[in-house]
Amino acid sequence: MAIYNIIGFGYKTKKIIDILTEKCKYQEISIKMALSSTDISFENDKMTILVVADDYVEAAIECAKQYYNRDILTLIFSTHDNPLFYDCADSVAIMPNYDMIVTITDIMKSILLPGINSFDFYDIYNTLHKSRHFIAINGFGNDIQTAYHDWAKKRFSGYAAIAENISILIFINKGRAISKEDLIPLSEYESSVMPEAIVRIGIFHDNDIKEDEVRISIIGSGNSTLFKTTVRKFIHHLRSI
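Only a predicted model underlies this, so the values are computations on that prediction, with no experimental measurement involved. (Residues numbered from 1 in each chain as written. Predicted model: local features only at pLDDT ≥ 70, side-chain atom pairs only at ≥ 80, totals over all residues. Heavy atoms only, no water.)

## Section: the overall build of the chain
This is how it is decided: A helix here means a DSSP run of H or I that spans at least four residues, while a strand means a run of E at least two residues long, and both kinds are numbered starting from the N terminus. With the radius of gyration taken over C-alpha atoms, the globule rule is written as 2.2 Å times the number of residues to the power 0.38. Note on contacts: a residue pair is in contact if any heavy atoms of the two residues lie within 4.5 Å. Reported accessibility uses the Shrake-Rupley method at a 1.4 Å probe radius. Residues are deemed covered only where the shown protein chains occlude them. We count Lys and Arg on the positive side and Asp and Glu on the negative side, and we leave His and both chain ends out. The location of each charge is read from NZ of Lys, CZ of Arg, CG of Asp or CD of Glu.
When its secondary structure is counted, the chain shows 7 helices and 9 strands. On C-alpha atoms alone, the chain measures out to a radius of gyration of 17 Å, which is about the 18 Å that the 2.2 N^0.38 rule sets for 241 residues. Projected onto its principal axes, the C-alpha coordinates of the chain cover approximately 50 × 40 × 30 Å. When contacts within the chain are restricted to residue pairs at least 6 apart in sequence, those whose partners lie at least 24 apart make up 77%. Total accessible area on the chain is roughly 11200 Å²; 50% of this is exposed by carbon and sulfur atoms. Once the 25 positive and 31 negative side-chain charges of the chain are each reduced to a mean point, those two points are 4 Å apart.

## Structural notes on unusual backbone geometry
Convention followed: Each residue gets one of three labels from its accessible area relative to the maximum for its type: buried under 20%, exposed over 50%, partly exposed in between, using a 1.4 Å probe on protein chains only.
Unusually for a residue other than glycine, Asp 71 sits at a positive phi of about 60 degrees. Positionally, Asp 71 belongs in the loop between helix H2 (57-68) and strand S4 (73-78). Positive phi outside glycine occurs at Lys 130, with the angle close to 50 degrees. Looking at the secondary structure, you find Lys 130 in the loop between helix H4 (121-128) and strand S6 (132-141). Taking relative accessible area as the criterion, Lys 130 reaches 48% and is therefore assigned partly exposed.

## Some details on the environment of Phe 134
Tracing the chain through its elements places Phe 134 in strand S6. In this structure, the C-alpha to C-alpha distance between Phe 134 and Ile 94, residues 40 residues apart in sequence, is 8.4 Å. Not counting residues up to four positions away in its chain, the partners in contact with Phe 134 are Phe 77, Ser 91, Val 92, Ala 93, Thr 103, Leu 128, Ile 219, Gly 220, Ser 221 and Phe 227.

## Topic: the packing of helix H3 (residues 97-112) against H4
Packed helix pairs are characterised by how far apart their axes lie and by the angle those axes make with each other. Threshold: For helices, the axis comes from a line fit to the C-alpha atoms of the stretch in contact; other axes are also lines fit to C-alpha atoms, and the angle between any two N-to-C directions lies between 0 and 180 degrees. Roughly parallel refers to an angle under 35 degrees, roughly antiparallel to one over 145, roughly perpendicular to one between 65 and 115, and oblique to any angle outside these ranges. Only Asp, Glu, Lys and Arg are considered charged in this grouping, and only Ala, Val, Leu, Ile, Met, Phe, Trp, Tyr, Cys and Pro are considered nonpolar; every other residue, Gly among them, is considered polar.
For the pair H3 and H4, the least separation of the axes is 7 Å and the interaxial angle reads 135 degrees. Compared by their axis directions, H3 and H4 come out oblique. Where H3 abuts H4, its residues Ile 107, Ser 110 and Ile 111 lie against Phe 121, Ile 124 and Leu 128. Its residues assigned to classes, the contact of H3 with H4 shows 5 nonpolar, 1 polar and no charged.

## Things to note about the pattern of salt bridges
Applicable threshold: Criterion for a salt bridge: a side-chain nitrogen of Lys or Arg within 4 Å of a carboxyl oxygen of Asp or Glu.
All told, the structure shown has 9 salt bridges when counted by the stated rule. With its nearest N and O atoms 2.4 Å apart, the salt bridge here joins Asp 106 to Arg 215. Pair noted here: Asp 106 is in helix H3 and Arg 215 is in strand S9 (residues 214-222), with a separation of 109 residues, a long-range link. Each member of the pair, Asp 106 as well as Arg 215, carries the same accessibility label: buried. Connected through shared salt-bridge partners, Asp 106, Lys 109, Asp 206, Asp 208 and Arg 215 make up one network.

## What to know about the packing of helix H1 (residues 14-23) against H3
Rules: Each crossing gets its hand from how the near helix is turned against the far one by less than a right angle, where anticlockwise is left-handed and clockwise is right-handed.
Relative to each other, H1 and H3 sit at 30 degrees, their axes nearing to 10 Å. With respect to H3, the axis of H1 lies roughly parallel. Here H1 and H3 pass one another in a crossing that is right-handed. Two secondary-structure elements touch here, H1 through Ile 16, Ile 19, Leu 20 and Lys 23 and H3 through Asn 97, Met 100, Ile 101, Ile 104, Thr 105 and Lys 109. Of the residues assigned to the contact of H1 with H3, the class counts are 6 nonpolar, 2 polar and 2 charged.

## Looking at the pairing of strand S2 (residues 29-34)
Stated formally: Paired strands, in this sense, are two strands between which DSSP finds at least two bridges. By convention a crossover is right-handed if, when the strands point away from the viewer, the path from the first strand over the helix to the second runs clockwise.
Note: strand S1 (residues 4-9) against S2, 6 bridges, orientation parallel. Pairing of Asn 5 across the sheet is with Ser 30, part of S2. Note that the unit made of S1, H1 and S2 has a crossover that is right-handed.

## What about the sheet that holds strand S5 (residues 91-94)?
Reading across the sheet, the 9 strands line up as S2-S1-S3-S4-S5-S6-S9-S7-S8 and stay open at both edges, with mixed pairing between neighbours. Each having just a single partner strand, S2 and strand S8 (198-205) make up the two edges of the open sheet. Averaged over all pairs of adjacent strands, the angle between their axes in this sheet comes to 20 degrees, without regard to strand direction. Note: S1 against strand S3 (residues 47-52), 6 bridges, orientation parallel. Within the sheet, the bridge partner assigned to Asn 5 lies in S3 and is Thr 48. Sitting on the sheet, H4 touches S1, S3, S4, S5, S6, strand S7 (165-172), S8 and S9, and the angle it makes with S7 is about 145 degrees. The strands touched by helix H5 (residues 144-152) within the sheet are S6, S7 and S9, with S6 carrying the most contacts at an inclination of about 130 degrees.

In short, shape yes, function no, at least from these values alone.
So, in structure tokens, the structure goes:
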């Protein structure tokens, strides 16, 4: 039975939903399109992700409220910001379609793939629950160090230094081993975050990753004035692209 939902609101989300349907083939996930809250059923769900097109905001908000009021972890992804999102979701991410697809896929894989260490839904829950804002940026390389450096050189990667909750997701091929030395860049990173920040690390075997590749995704959330200012700059940057 599906306990995680991915719902695309509006015809403009169809391509995103089609790609996610291919990437997230797990029986625990329900992926669908919707045009109103009457298209949705509410069962024993743990988390709902809503991908919202700019022309279906009102219907998406009505649906999100029903999940959020049931204390189901509710996340909204959109390319356009809307102040009404923040009253009906635990956290909101504004990002381009490609980054949206990668981030949603990474979140679902971090919950459902076998992990090398102890990381599960509740780590994602504690990172994003009632955090209001989050940003996720990815890095790629042939090992953890080069993937981390690829992440660090991207614009706005500094968001993670001021985030209050952080999840670092590392995806490697099943045939690859990880040593303590491989994790040194992450130890250096942990020393750069705010003292009060909580950092969670998950390492996962992912057969979609080539044997000589590593992908890292760092999800940072927060509700401080500084973090919200960074989010607004990030959104302004997206609008100028």
